[in-house]
Amino acid sequence: MSLQLRGLAKRYGDAPVFANVSLDVAPGEFVAIAGESGVGKSTLLNCIAGLEDWDEGRIALDGEDIGALSPDGRALLRRKRVGFVFQAFHVLPHLNVAQNVALPLLLLNAPDDARVQAMLDAVGLGGLGERLPQQLSGGQLQRVAIARALVHRPALLLADEPTGNLDPATAGKVMDVLASQARENGASLVLVTHSEAAAARAGRVLVLTPSGIAPA
Ligand SMILES: Nc1ncnc2c1ncn2[C@@H]1O[C@H](COP(=O)(O)OP(=O)(O)O)[C@@H](O)[C@H]1O
Ligand SMILES: [Mg+2]
């Protein structure tokens, strides 16, 4: 899926977060975004996903102006075509691992146990489908979040510091899964990361600052 940002600006009340953010991501492209803590990286991903409103500028996904969509329209687009790996996982505590991963498919009325199992296998959690989230380590939870973001083969994958809580070896494995699944599905991948190792896998690395976004 192509992504186009033009002159995007975001404020919280009087406090500007970022301004003048313009960016094109081609279908299948892998772009990493770095930037200091608090500069608005998570906010930017939330805007791209239509989870948060912005103050100026335009966001288009495959040419469709998402600012013009209703909240329901945005939710539907997200459900069908976007995968989001949240910084704080947002794994649902009362569902087991397999149920968490299956959730995007259930929301699309397209349950597929074989696909869920394949995703669990892909992230190295093949035998843990019945476990509850509280019985998992941080690295395992992160991989549940990644399997869930990928299970419905999204055309756009947004990942917010997906290796932030992981040791280098696990981080490497998680990045392998993210990058290979994105490639397999022809998905565009926008990765927010502080990790040089993770950013090195991207086709391009950009840095977000309060005044815009530019090549690293
Ligand atoms: N809901 C909110 N209300 C007010 N300020 C917020 C809110 N969410 C984030 N912020 C502020 O916006 C700025 C950018 O936050 P964030 O996008 O989380 O940055 P990053 O992900 O780059 O660390 C920070 O200064 C943060 O305190
Ligand atoms: Mg953040």
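These numbers come from a predicted model, not from an experiment.

Definitions and limits used
- Residues numbered from 1 in each chain as written.
- Chains lettered and ligands numbered in written order.
- Predicted model: local features only at pLDDT ≥ 70, side-chain atom pairs only at ≥ 80, totals over all residues.
- Buried ≥ 20, exposed ≤ 12 C-beta atoms within 10 Å, placed from the backbone.
- Helix = DSSP H or I, 4+ residues; strand = E, 2+ residues; numbered from the N terminus.
- Pairing = 2+ DSSP bridges.
- Right-handed = clockwise from strand over helix to strand, strands pointing away.
- Core = buried A, V, L, I, M, F, W, Y, C linked by C-beta atoms within 7 Å.
- Contact = placed C-beta atoms within 7 Å.
- Near = placed C-beta within 6 Å.
- Nonpolar A, V, L, I, M, F, W, Y, C, P; charged D, E, K, R; others polar.
- Axes fitted to C-alpha atoms, helices over the stretch in contact; angles between N-to-C directions.
- Arc of directions from axis to C-beta.

*Asks:* Would you explain the pairing of strand S7 (residues 156–160) in this entry?
*Replies:* Along any regular strand, the residues point their side chains to alternate faces of the sheet. For S7, the tally of buried residues reaches five of five residues, placing the bulk of the element in the interior. The alternating pattern of S7 places Leu-156, Leu-158 and Asp-160 and Leu-157 and Ala-159 on opposite faces, both of which are buried. Here four bridges tie strand S6 (residues 82–85) to S7, and the two strands are oriented parallel to one another. Considered in S7, the bridge of Val-82 is made with Leu-156. Examined bridge by bridge, S7 and strand S8 (residues 188–192) share five bridges and lie parallel to one another. Paired with Asp-160 across the two strands is Val-192, which belongs to S8. With helix H6 (residues 168–185) bridging S7 and its parallel neighbour S8, the resulting β-α-β unit is right-handed.

*Asks:* How do you make sense of the nonpolar core when you look at a structure like this?
*Replies:* In globular proteins that are soluble, nonpolar side chains generally tend to be buried together. Residues Val-101, Ala-147 and Leu-158 are the most contacted members of the largest nonpolar core, which totals 66 residues. Among the elements that make up this core, the one with the highest residue count is helix H5 (residues 138–150) (seven residues). In this view, Leu-158 contacts Leu-45, Ile-48, Ala-49, Val-82, Phe-84 and Val-190; residues no more than four positions away in its chain are not counted.

*Asks:* What is the right way to look at the site of ligand 1 in this model?
*Replies:* As a structural note, the neighbourhood of ligand 1 is formed by Tyr-12, Val-17, Gly-35, Ser-37, Gly-38, Val-39, Gly-40, Lys-41, Ser-42 and Thr-43. When residues of the shell around ligand 1 are assigned to their parent elements, the largest contribution, three residues, is made by helix H1 (residues 41–48). In the shell around ligand 1, the residues fall into three nonpolar, six polar and one charged.

*Asks:* Looking at this structure, how should I read the sheet that holds S8?
*Replies:* Paired through backbone hydrogen bonds, the strands of a sheet run either parallel or antiparallel to each other. Pairing is mixed across the open sheet formed by six strands, whose spatial order is S6-S7-S8-S3-S9-S10. Only two strands of the sheet have a single partner each, and these edge strands are S6 and strand S10 (212–215). Going across the sheet, the axis of each strand differs from the next one's by a mean of 20°, ignoring polarity.

*Asks:* Before we go on, may I ask you to explain H1 in this structure?
*Replies:* Three- or four-residue spacings in an α-helix give side chains the same orientation, since the helix completes a turn every 3.6 residues. Turning to H1, its buried residues number three or more, namely Lys-41, Leu-44, Leu-45, Cys-47 and Ile-48. One face of H1 carries all of its buried residues, which in axial projection span an arc of 160°. Gly-50 occupies a position one or two residues after H1 and carries a positive phi of about 70°.

*Asks:* Help me understand the sheet that holds strand S4 (residues 56–61) in this model?
*Replies:* Here four strands make up an open sheet; going across it, the order is S2-S1-S4-S5 and the pairing antiparallel. At either margin of the open sheet sits one strand with a lone partner, and together these are strand S2 (15–25) and strand S5 (64–65). Where strand S1 (residues 3–12) meets S2, seven bridges bridge the pair, whose relative direction is antiparallel. Following the sheet pairing, Leu-3 is matched in S2 by Val-25. The strands touched by H1 are S1, S2 and S4; relative to S1, the strand with the most contacts, the crossing angle is about 125°.

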